[in-house]
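If you want the building blocks of each chain, they are given just below.
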Amino acid sequence: QVQLVESGVGLVQAGGSLRLSCAASGRTFSTSAMGWFRQAPGKEREFVAGIMWNGGRTDYANAVKGRFTISRDNAKNTVYLQMNSLVPEDTAVYYCAAGRTLGAAGRTLGEYDYWGQGTQVTVSS
């Protein structure tokens, strides 16, 4: 069993920054690809960013590329999402997820086995 706990609930103004954290326990975090997804009201959950198990490769959705940065600290079993230049369209519940062992991070929900409970990010205009 894997537990993922996100933190970094925030209300921020447009143009501001926020960092989300996701702490993992219960499995060998250091060998798992990790991803961040988000879900806005009335919309499907969508891929935001992913990072390979060893941090060697990252991937971003076009909507956040150049503004968001995913990183991981395997010594702390934690993955981060640094979000800069936030816009109201970034408002959503953000989820972290654990995926492939010793693999790259995928973009689809089915490629992830475990999910956190989600954390709300609200960007005001």
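Residues numbered from 1 in each chain as written. Predicted model: local features only at pLDDT ≥ 70, side-chain atom pairs only at ≥ 80, totals over all residues. Heavy atoms only, no water.

### Digging into the pattern of salt bridges
Here the structure, examined in full by the defined rule, presents 5 salt bridges. Among the ionic contacts, a cluster of salt bridges with common partners joins Arg38, Glu46, Arg67 and Asp90. (Salt bridge = Lys/Arg side-chain N within 4 Å of Asp/Glu carboxyl O.)

### Digging into the pairing of strand S3 (residues 18-25)
Within a regular beta strand, the side chains point alternately toward one face of the sheet and then the other, so they alternate between its two faces. Judged from the 5 bridges that link them, strand S1 (residues 3-7) and S3 form a sheet pairing that is antiparallel. Among the inter-strand pairings, serine 7 is bridged to a residue of S3, identified as serine 21. Where S3 meets strand S8 (residues 78-83), 6 bridges bridge the pair, whose relative direction is antiparallel. The partner of arginine 19 across the bridge, within S8, is glutamine 82. (Pairing = 2+ DSSP bridges. Helix = DSSP H or I, 4+ residues; strand = E, 2+ residues; numbered from the N terminus.)

### Some words on the packing of aromatic side chains
Summed over all chains, the structure comprises 4 aromatic pairs. Taken together, the ring pairs connect Phe37, Phe47, Tyr112 and Trp115 into an aromatic cluster. Positioned over the ring face of tryptophan 115 is arginine 45, at 5.0 Å from the centre of the ring. Over the aromatic face of phenylalanine 29 sits the side chain of arginine 72, whose NZ or CZ is 4.5 Å from the ring centroid. (Phe/Tyr/Trp six-rings, centres within 6.5 Å; stacked < 30°, edge-to-face > 60°. Lys NZ or Arg CZ within 6 Å of the ring centre and 35° of its normal.)

### Description of the confidence of the model for the chain
For the chain, the mean per-residue pLDDT works out to 94, and 99% of the residues sit at or above 70. The element-level mean pLDDT for the chain is lowest in strand S2 (residues 10-13), coming to 91, with strand S5 (residues 46-51) highest at 98. (pLDDT = per-residue confidence, 0-100.)

### What to know about the pairing of strand S9 (residues 92-101)
Most of S9 is tucked away: 7 of the 10 residues are buried. Bridging between strand S4 (residues 32-39) and S9 involves 7 bridges; their strand directions are antiparallel. Bridge pairing links arginine 38 to tyrosine 94 in S9. Pairing of S9 with strand S11 (residues 119-124) involves 3 bridges; the strand directions are antiparallel. Each residue of the ladder has a partner; that of alanine 92, found in S11, is valine 121. The pairing of S9 with strand S10 (residues 114-115) spans 2 bridges and is antiparallel. Paired with alanine 98 across the two strands is tyrosine 114, which belongs to S10. (Buried < 20%, exposed > 50% of the residue type's maximum accessible area, 1.4 Å probe, protein only.)

### What about the sheet that holds S3?
The strand order across the open sheet built from 4 strands is S1-S3-S8-S7, with neighbouring strands paired in antiparallel fashion. What marks the edges here is a single partner per strand, and that holds for S1 and strand S7 (68-73). Across the sheet, the mean angle from the axis of one strand to that of its neighbour is 15°, orientation sign disregarded. In this sheet, S8 lies alongside S7 in antiparallel orientation, the contact comprising 6 bridges. Of the residues in S8, the one forming a bridge with threonine 69 is glutamine 82. (Axes fitted to C-alpha atoms, helices over the stretch in contact; angles between N-to-C directions.)

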